[in-house]
Amino acid sequence: VRILYVNHIKPREYNEGQVSIVSLLATQATFAIENIMLLEKTEMMAITDELTKLYNHRYFVKSLNEELKRAGRYKQDLSLIMIDVDSFKNYNDTHGHLKGNDVLKEIARILAETVRDVDIVARYGGEEFSIILPQTDKEKAVLTAERIRAAVERFGFYKGETQPGGKVTISMGVAMFPHDGKASSDVVGRADEALYQAKREGKNRVCVYGSGK
């Protein structure tokens, strides 16, 4: 519903010609508003993952490059968390892809609800997610990652007890700009290395690049 309110400083009656002009203006304003809303919706769809409603990989890459430039300009730390759902193929094979999609959507919700408004959460691809944390050192990033890991571990996923270890869990890797690299490919690669380390050490844990943890 669109309402156009027309007021005058003194009480008066409007003739048919004036009403016609106002009606025309109202129609044009309605079209303009609807076009703006459609454009905003289209732009949002272009950067949003359809399943999880998080940002998509394309937006993640663009945002990481922008945030790294900003962090470099102002001499600030920036941390990146890479996240992978443990034994996700086993869950899909056991319960089907629809239930697997439900797991991804619930994990996406947990991620979005746990981080700050300034953090950027994206679906990196498949069962992998990423979080960009501006103005955040490794210590604070690890605290955030541990909160997320624990929240996922506690959540009552459908038939989670059928997973290895008896629950749905995630593994996480943390890297930091500029300590672990200045280019986006370096930061992503080192966060990935830490993630693979978490997998090798038994999953359901947070590992930090270069710390042996």
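Here the structure is shown first, and the text comes after it.
Nothing here was measured: the structure is a model prediction, and the numbers come from that model.

Caption draft 1: Seen up close, helix H3 (residues 88-95). Taken together, the buried positions of H3 are Phe88, Tyr91 and Asn92. One face of H3 carries all of its buried residues, which in axial projection span an arc of 95°. Structural note: H3 exposes Lys89 and Asp93 on the side pointing more than 90 degrees away from its buried face. In the core, the buried residues of H3 are packed alongside strand S1 (78-85) and helix H4 (97-114).

Caption draft 2: Local environment of the sheet that holds S1. Reading across the sheet, the 5 strands line up as S2-S3-S1-S4-S5 and stay open at both edges, with mixed pairing between neighbours. A single partner strand is all that each edge strand has here, and the edge strands are strand S2 (120-125) and strand S5 (206-208). Pairwise comparison of adjacent strand axes, ignoring direction, gives a mean angle of 20° for this sheet. Note: S2 against strand S3 (residues 128-134), 5 bridges, orientation antiparallel. Looking at the pairing, Gly125 lines up with Glu128 of S3. Against the sheet, helix H2 (residues 57-73) makes contact with S1, S2, S3 and strand S4 (170-177), and its axis sits at roughly 135° relative to S2, the strand it touches most.

Caption draft 3: Broad picture of helix H5 (residues 138-154). With 17 residues, H5 extends 24 Å from end C-alpha to end C-alpha; this agrees with the ideal 24 Å at 1.5 Å per step. On the buried face of H5, the contacting elements are S1, H4, S3, S4 and S5. Its side-chain oxygen placed 3.3 Å from the backbone nitrogen of Glu139, Asp137 serves as the N-cap of H5.

Rules used throughout
- Residues numbered from 1 in each chain as written.
- Predicted model: local features only at pLDDT ≥ 70, side-chain atom pairs only at ≥ 80, totals over all residues.
- Heavy atoms only, no water.
- Buried < 20%, exposed > 50% of the residue type's maximum accessible area, 1.4 Å probe, protein only.
- Helix = DSSP H or I, 4+ residues; strand = E, 2+ residues; numbered from the N terminus.
- Arc of directions from axis to C-beta.
- Contact = heavy atoms within 4.5 Å.
- Pairing = 2+ DSSP bridges.
- Axes fitted to C-alpha atoms, helices over the stretch in contact; angles between N-to-C directions.
- Expected span 1.5 Å × (residues − 1).
- Polar contact = N/O pair within 3.5 Å; in protein donor to acceptor, adjacent residues only side chain to side chain.

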